[in-house]
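# Coordinate analysis (summary)
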Amino acid sequence: MSHSGAPDPLFTHGGAALRGTAEVPGDKSISHRALILGAMAVGETRISGLLEGQDVLDTGRAMAALGAIVSRGEDGTWSVHGVGVGGFSEPEDIVDCGNSGTGVRLLMGAVATHGFATTFTGDASLRGRPMGRVTQPLSLFGAQSHGRSGGRLPLTLIGAADPVPVHYATPVASAQIKSAVLLAGLNAPGETVVVEREATRDHSERMLAGFGATIETRPGPEGRIITLQGRPELRPQTIAVPRDPSSAAFPVCAALICEGSDVLVPNIGLNPTRAGLFETLREMGADLTYENPRDEGGEPAADLRARFSPEMRGITVPSERAASMIDEYPILSVVAAFAEGVTDMPGVAELRVKESDRIDAMASGLRACGIEVDEGPDWWRVHGRGPGGVEGGARVAARLDHRIAMSFLCLGMAARKPVGVDDAGPVATSFPVFEPLMTALGAHFERPVE
Ligand code: S3P
């Protein structure tokens with residue numbers, strides 16, 4: 001479902017220290033995959049800690065439209081009765097994926113090797129995003145797609161009734177493309193192979209193995225080679241979704257820039273394909289520690305502790321780290337504004353095709369808050385003003401992008417003048433409890449009377 005309510009303008013004020021414990025919700029990437037693979041297994045998969053954000057709820061609804069039975073128990077545990085690999089049935093209506101690029105691209109993969117038609121749409125943000133990067137490899141299985149110009153949504157995908165397996169090298173570092181091909185490969189006979197030059201988040205590979213698929217990753221001359229045997233019988237699982245490092249990034253970064261802060265963010269997954277932001281912050285001189293490091297269901301995890309860090313300095317973020325923190329550049333640029341010196345962020349062309357053009361959205365808003373930003377097609381640079389040096393005082397366009405909205409709301413918590421966004425509604429796609437959680441830590445939010 002698209003975010004179609006009236007815009008929700010929201011402001012934050014500076015001056016308050018953030019203190020306490022921030023229990024952030026479940027991982028968005030893992031939540032989508034748990035619902036999709038649960039729907040492709042035979043029997044009942046139970047999922048605790050599922051992110052109940054709009055993006056994931058839209059994927060749950062899509063699974064039901066394809067024939068799975070999806071329900072939520074009173075204790076918050078979700079149940080998915082799957083139909084087995086190859087068992088989806090043609091949906092009766094258009095599948096609306098709302099704001100979610102991950103949802104629509106993974107679902108396209110999942111239906112591409114079923115011999116029926118599915119029409120996908122989404123909100124204004126999603127209808128503007130490129131889908132050719134997924135429909136092109138899916139055409140190699142035998143699927144056909146008919147979309148708007150540039151392959152954009154609404155788009156009808158006619159799945160291959162008699163699919164062939166595929167060998168595909170991803171042209172850009174994208175876990176969504178990789179995952180779409182692997183999900184399609186599930187219902188193709190023989191071996192489907194994906195080669196990726198740079199490692200992207202590997203939740204699909206881990207979860208496919210957990211559901212009993214035969215999948216192997218090995219290094220090769222062109223990058224990681226991932227080989228999946230088609231037509232497995234997936235066994236239902238009991239899944240505890242870990243907490244989302246991409247959501248943890250907001251209370252962590254807000255604590256680093258707000259004077260007097262000390263925040264604990266417990267039980268965060270530190271899968272190396274996701275943890276690039278925390279490494280970067282530590283290199284910048286952030287007082288960010290990993291407490292109780294441990295293993296949670298095969299993934300490294302720890303409690304993050306972030307304290308106000310007035311001594312941070314800008315760095316050059318290595319471009320080979322980009323995939324492991326691709327969703328965190330907006331909030332990193334906010335931290336960079338409060339650091340001394342320049343933060344360079346090269347090798348990030350992908351930021352231009354997220355829920356918004358994130359370089360343009362952040363650069364415009366940061367400039368309106370008094371911060372100098374330079375940018376090119378695949379890089380940007382923030383000139384830090386040091387702690388206490390950020391003016392603020394702007395109302396910024398969130399552009400239907402949850403991470404842009406949350407980034408500027410965090411900036412307002414440490415700027416001299418209040419900062420706001422024109423619409424905080426999209427925050428509900430990934431972090432529905434952002435406002436109460438940050439308020440409980442001490443942040444001041446305000447809705448303007450209009
Ligand atoms: C995701 C992959 C990333 C990321 C998105 C979630 C996933 O997108 O930006 O928020 O769950 O696979 P790309 O694969 O397009 O980089």
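Keep in mind it's a predicted model, so treat the numbers as computed, not measured. (Residues numbered from 1 in each chain as written. Predicted model: local features only at pLDDT ≥ 70, side-chain atom pairs only at ≥ 80, totals over all residues. Heavy atoms only, no water.)

### Focus: the UniProt feature "binding site: phosphoenolpyruvate" (unreviewed entry) in the protein chain
Here is the rule we go by: UniProt positions are given in the numbering used here, feature names are shortened, and annotations may be inferred rather than shown by experiment. By the criteria applied, helices consist of DSSP H or I runs no shorter than four residues and strands consist of E runs no shorter than two, each listed in order from the N terminus. Only heavy atoms enter the contact rule, under which two residues are in contact if any of them lie within 4.5 Å. Exposure categories follow from relative accessible area, calculated using a 1.4 Å probe and restricted to protein chains: below 20% of the type maximum is buried, above 50% is exposed, and the middle band is partly exposed. N or O atoms closer than or at 3.5 Å make up a polar contact, with two conditions inside protein: a donor-capable atom paired with an acceptor-capable one, and, for residues adjacent in sequence, both atoms drawn from side chains.
On the UniProt side, "binding site: phosphoenolpyruvate" (unreviewed entry) is annotated at positions that read Lys28, Gly101, Arg129, Gln176, Arg358 and Arg403 here. Take glycine 101: it is sitting in helix H3 (residues 101–111). Discounting residues that sit within four places of it in the chain, glycine 101 has contacts with Leu126, Arg129 and Gln176. Structurally, glutamine 176 can be placed in helix H6 (residues 175–186). Under the relative-accessibility criterion, glutamine 176 is labelled buried at 13%. Every residue in contact with glutamine 176, bar those within four places of it in the chain, is listed here: Gly101, Thr102, Arg105 and Leu106. A polar contact of 2.8 Å, which involves the side chain of glutamine 176, links it to the side chain of threonine 102.

### Description of the pattern of salt bridges
Here is the rule we go by: The rule for a salt bridge is simple: a side-chain nitrogen of Lys or Arg has to be within 4 Å of a carboxyl oxygen of Asp or Glu.
Counted by the stated rule, this structure contains 38 salt bridges. When the shortest N-O distance is used, the salt bridge between arginine 305 and glutamate 291 registers 3.8 Å. Here glutamate 291 lies in strand E16 (residues 287–296) and arginine 305 lies in strand E17 (residues 299–307), a separation of 14 residues in the sequence. A single salt-bridge network, built from bridges that share partners, covers Arg129, Arg201, Asp327, Glu355, Arg358, Asp401 and Arg403.

### Some thoughts on the pairing of strand E19 (residues 373–376)
To keep things clear, this is the line we draw: A pair of strands counts as paired when DSSP detects no fewer than two bridges linking them.
Relative to strand E20 (residues 379–383), E19 runs antiparallel, the two sharing four bridges. The residue of E20 that forms the bridge with valine 373 is valine 382. What sits between E19 and E20 in their antiparallel hairpin is a turn of two residues.

### What about the sheet that holds strand E21 (residues 395–396)?
This is how it is decided: Axis definition: a line fit to C-alpha positions, over the contact stretch in the case of helices; interaxial angles, taken between N-to-C directions, run 0 to 180 degrees.
Here we have four strands laid out as an open sheet, ordered E21-E22-E1-E23, and mixed in their pairing. The open sheet is flanked by E21 and strand E23 (444–446), the only strands paired with a single partner. Docked against the sheet, helix H12 (residues 402–412) engages strand E1 (10–13), E21, strand E22 (419–421) and E23, running at close to 165 degrees with respect to E22.

### Describing the site of the ligand
Rule in force here: Only heavy atoms are used to decide nearness, and a residue is near a molecule or strand if one of them lies within 4 Å of it. Using a 1.4 Å probe, accessible areas were evaluated by the Shrake-Rupley method; residue-level cover was limited to the displayed protein chains. Here the term charged refers only to Asp, Glu, Lys and Arg, the term nonpolar to Ala, Val, Leu, Ile, Met, Phe, Trp, Tyr, Cys and Pro, and the term polar to all other amino acids, Gly among them. Where each domain starts and ends follows an automatic or database-derived domain assignment.
Every residue lining the ligand is accounted for by Ser29, Arg33, Thr102, Ala173, Ser174, Ala175, Gln176, Arg201, Ile326, Asp327 and Lys354. Take serine 29: an N or O atom from its side chain is 2.7 Å from an oxygen atom of the ligand. Within the side chain of arginine 33, a nitrogen or oxygen atom sits 2.7 Å from an oxygen atom of the ligand. In the complex, the protein chains occlude 95% of the 390 Å² of accessible area that the ligand would expose alone. Only helix H1 (28–40) and H6 provide two or more residues apiece to the shell around the ligand. Looking at the shell around the ligand, its residues break down into three nonpolar, four polar and four charged. Both domains that furnish three or more residues to the shell around the ligand are identified here as domain 1 (10–25 + 242–446) and domain 2 (28–239).

### Things to note about the packing of aromatic side chains
The condition that has to hold: Ring pairs shown here join Phe, Tyr and Trp side chains whose ring centres sit within 6.5 Å, with only the six-membered ring taken for Trp; geometry is labelled stacked below 30 degrees between planes, edge-to-face above 60, and tilted in between.
Under the criterion given, the structure shown has three aromatic pairs. Both rings, one in phenylalanine 431 and one in phenylalanine 434, keep their centres 5.5 Å apart while their planes meet at 70 degrees; by these two values the pair is edge-to-face. Its relative accessible area of 1% is what places phenylalanine 434 among the buried residues. Ring-pair connections join several aromatic residues into one group, and the members of that group are Phe250, Phe431, Phe434 and Phe445.

### Examining the packing of helix H8 (residues 245–257) against helix H13 (residues 434–441)
When two helices pack together, you describe them by how their axes are tilted relative to each other and by the distance separating the axes. Basically, it comes down to this: By the definition adopted for this analysis, an angle is roughly parallel if under 35 degrees, roughly antiparallel if over 145, roughly perpendicular if from 65 to 115, and oblique otherwise. The crossing is said to be left-handed when, going from far helix to near helix, the turn is anticlockwise and less than a right angle, and right-handed when the turn is clockwise.
Packing of H8 against H13 leaves a shortest axis separation of 11 Å and a crossing angle of 30 degrees. The angle between H8 and H13 falls in the class roughly parallel. Where H8 crosses over H13, the two elements pack in a sense that is right-handed. Along its contact with H8, which presents Phe250, Pro251 and Ala254, the element H13 presents Phe434, Leu437, Met438 and Leu441. Within the contact of H8 with H13, the residues separate by chemical class into seven nonpolar, no polar and no charged.

### Things to note about H1
The condition that has to hold: Expected helix span is given by 1.5 Å per residue-to-residue step, counting one fewer step than there are residues.
The end-to-end C-alpha distance of H1 is 19 Å, a good match for the 18 Å that 13 residues give at a rise of 1.5 Å each. By the criterion of burial, H1 is predominantly enclosed, with 13 of the 13 residues buried. Taking the backbone nitrogen of serine 29 as reference, a side-chain oxygen 3.0 Å away marks aspartate 27 as the first, capping residue of H1.

### Digging into the confidence of the model for the protein chain
The condition is simple: Confidence of the prediction at every residue is given by pLDDT, a number between 0 and 100.
For the protein chain, the mean per-residue pLDDT works out to 97, and 99% of the residues sit at or above 70. Ranking the helices and strands of the protein chain by mean pLDDT puts helix H10 (residues 329–337) first, with 99, and E16 last, with 92.

### A look at the UniProt feature "active site" (unreviewed entry) in the protein chain
With numbering aligned to this structure, UniProt lists the feature "active site" (unreviewed entry) at Asp327. Within the secondary structure layout, aspartate 327 lies in the loop between E17 and H10. Classification of aspartate 327 by relative accessible area gives buried; the value is 11%. Not counting residues within four places of it along the chain, the set of residues in contact with aspartate 327 comprises Arg201, Ser246, Lys354, Arg358 and Arg403. Within the structure, aspartate 327 has its side chain in polar contact with the side chain of arginine 201 (distance 3.4 Å).

### Observations regarding the domain arrangement of the protein chain
Applied cut-off: Accessible area that two parts lose when put together, evaluated with a 1.4 Å probe and summed over both, is termed the buried area.
By the assigned domains, the protein chain splits into domain 1 (10–25 + 242–446) and domain 2 (28–239). At the interface, 23 residues of domain 1 touch 24 residues of domain 2. At the boundary of domain 1 with domain 2, total buried surface from both sides reaches about 2,000 Å², with 48% on carbon and sulfur atoms. Scanning the region where domain 1 abuts domain 2 turns up three salt bridges. Note that aspartate 327 is salt-bridged to arginine 201, the shortest N-O span being 3.4 Å. Broken down by class, the residue content of the side of domain 1 that touches domain 2 amounts to eight nonpolar, seven polar and eight charged.

### Focus: the sheet that holds strand E8 (residues 144–147)
If you trace the four strands from one edge of the open sheet to the other, you get E6-E7-E9-E8, paired in mixed fashion. Strand pairing shows two members of the sheet lacking a second neighbour, strand E6 (95–96) and E8, which therefore form its edges. Of the strand pairs in this sheet, E6 and strand E7 (residues 117–121) are connected by two bridges, and their pairing is parallel. Its bridge partner being in E7, aspartate 96 is matched across the sheet by threonine 121.

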